[in-house]
Amino acid sequence: MKKPMIALIALCLCPVGCGNSKTAEEAAQDGDIPALKRMAENGDAEAQYHLAEGYGDGVKGLEWDHEEAAKWYRKAAEQGFNVLDASGRTLYDPAHWLAVLYKDGRQGLKQDLVAAYAWHTISETNDHSNIAHPWSPSEPKRHLRELAEKMTPEQISKGQELFSEMIKKNPKLIRKKD
């Protein structure tokens, strides 16, 4: 009698689809937006990143919405999430993409050069100059330099202050060096 009772308890405790649950990467590849949203809302940083990517590019069955993209990139970045290759080099950095969205200020997201500067500084501090894509070996430094050229000294100072406040509030924003 004990074995059927244990099986019944396990069945009751196991969520629907238990054993067949997808990873965030699989849900993104399959275009399973409901699963991706569910994972993202439950705090899965990889799902948050993929959801942001979908909103930012208007792909994966999502409408182009930079405000939503910024929301999910921020959540992933705040958890210290980065997509790394097998050698540990950064492939994708949500802080970088969040900075780009703030710099451009499109699709419902208000342009905010101060926030863009802070997020680019986070990306550069994390030394994402080793981004594995051949098109972006110095992407964070170049973006930060180009952004600073468009800003007043007061805006740059505010961006530096915001960066410091963000790091103090959430040390996970800075990736630990090995």
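Residues numbered from 1 in each chain as written. Predicted model: local features only at pLDDT ≥ 70, side-chain atom pairs only at ≥ 80, totals over all residues. Heavy atoms only, no water.

Visitor: Teacher, can you tell me more about the overall build of the protein here?
Guide: Summing up its helical and strand segments, the protein has nine helices and two strands in all. In the protein, the succession of α and β elements from N to C terminus is α-α-α-α-α-β-β-α-α-α-α. Burial status across the protein gives 40% buried among its 178 residues. The contacts in the protein between residues at least 6 apart in sequence include a share of 55% that link residues at least 24 apart. Here the protein has roughly 10,500 Å² of accessible surface; of this, 54% comes from carbon and sulfur atoms. (Helix = DSSP H or I, 4+ residues; strand = E, 2+ residues; numbered from the N terminus. Buried < 20%, exposed > 50% of the residue type's maximum accessible area, 1.4 Å probe, protein only. Contact = heavy atoms within 4.5 Å. Areas by Shrake-Rupley, 256 points an atom, 1.4 Å probe, with all protein chains shown as cover.)

Visitor: Any chance you could explain the packing of aromatic side chains here in plain terms?
Guide: What describes a pair of aromatic rings is the distance from one ring centre to the other and the angle between the planes of the rings. Using the criterion set out here, one finds two aromatic pairs in the structure. Ring centres of Tyr49 and Phe81 lie 5.7 Å apart, and the angle between their planes is 45°; on these two criteria the pair is classed as tilted. Of this pair, Tyr49 sits in helix H4 (residues 45-57) while Phe81 sits in the loop between helix H5 (66-78) and strand S1 (83-84), and the two are 32 residues apart along the sequence. Like Tyr49, the residue Phe81 is buried in the burial classification. In textbook terms, an aromatic cluster arises when at least three aromatic residues are bridged by ring pairs, as seen for Tyr49, Tyr73 and Phe81. (Phe/Tyr/Trp six-rings, centres within 6.5 Å; stacked < 30°, edge-to-face > 60°.)

Visitor: For this particular structure, what's the right way to read the nonpolar core?
Guide: The nonpolar side chains of a soluble globular protein tend to be buried with one another. Among the nonpolar cores identified, the biggest contains 44 residues, and Leu36, Leu51, Tyr73, Tyr102, Trp119, Ile122 and Leu173 are the most heavily contacted of them. Counting residues per element, the ones that place at least two in this core are helix H2 (24-30), helix H3 (33-41), H4, H5, helix H6 (94-104), helix H7 (113-125), helix H8 (139-149) and helix H9 (153-169). Considering every element that reaches this core, the biggest residue donor is H7, with seven residues. Setting aside residues no more than four positions away along its own chain, Leu51 makes contact with Leu36, Lys37, Ala40, Leu62 and Trp72. (Core = buried A, V, L, I, M, F, W, Y, C linked by side-chain atoms within 4.5 Å.)

Visitor: Would you explain the pattern of salt bridges in this entry?
Guide: Pairing between side chains becomes possible if they bear opposite charge and their charged atoms approach one another. Under the criterion given, the structure shown has five salt bridges. Residue Lys22 pairs with Asp32 through a salt bridge whose shortest N-O separation is 3.0 Å. Of this pair, Lys22 sits in the loop between helix H1 (2-13) and H2 while Asp32 sits in the loop between H2 and H3; the two residues are 10 residues apart in sequence, bridging distant segments of the chain. Residue classification places Lys22 among the partly exposed residues on the basis of a relative accessible area of 32%. With relative accessibility at 22%, the residue Asp32 sits in the partly exposed group. The salt bridge partner of Lys103 is Asp104, with a shortest N-O separation of 3.4 Å. (Salt bridge = Lys/Arg side-chain N within 4 Å of Asp/Glu carboxyl O.)

Visitor: Looking at this structure, how should I read the packing of H5 against H6?
Guide: How two helices pack is summed up by the angle between their axes together with the distance between the axes. Two numbers describe how H5 lies on H6: the axes approach to 9 Å, and their chain directions differ by 150°. On the basis of the axis angle, H5 is roughly antiparallel to H6. Crossing angle aside, the handedness with which H5 passes H6 is left-handed. Within the contact between the two elements, H5 uses His66, Ala69, Ala70, Tyr73, Arg74, Ala76 and Ala77 and H6 uses Pro94, Ala95, Trp97, Leu98, Leu101 and Tyr102. Residue composition of the contact of H5 with H6, grouped by class: 11 nonpolar, one polar and one charged. (Axes fitted to C-alpha atoms, helices over the stretch in contact; angles between N-to-C directions. Parallel < 35°, antiparallel > 145°, perpendicular 65-115°, else oblique. Left-handed = near helix turned anticlockwise from the far one by under 90°. Nonpolar A, V, L, I, M, F, W, Y, C, P; charged D, E, K, R; others polar.)

Visitor: Looking at this model, I keep getting lost on the environment of Lys37. Mind explaining?
Guide: Here Lys37 lies in helix H3. A relative accessible area of 30% places Lys37 in the partly exposed class. Separated by 10 residues in the primary sequence, Lys37 and Ala47 have C-alpha atoms spaced 7.3 Å apart. If sequence neighbours within four positions are ignored, Lys37 has contacts with Leu51, Tyr55 and Leu62.

Visitor: Explanation requested: H5 in the structure shown.
Guide: Because each turn of an α-helix spans 3.6 residues, side chains separated by three or four positions end up pointing in the same direction. Over its 13 residues, H5 extends 18 Å from the first C-alpha to the last, a length consistent with the 18 Å expected when each residue adds 1.5 Å. Along H5, the positions that sit buried rather than exposed are His66, Ala69, Ala70, Trp72, Tyr73, Ala76 and Ala77. The inward-facing, buried residues of H5 abut H3, H4, H6 and H7. Of the residues flanking the start of H5, the one acting as N-cap is Asp65, its side-chain oxygen 3.1 Å from the backbone nitrogen of Glu67. (Expected span 1.5 Å × (residues − 1). Polar contact = N/O pair within 3.5 Å; in protein donor to acceptor, adjacent residues only side chain to side chain.)

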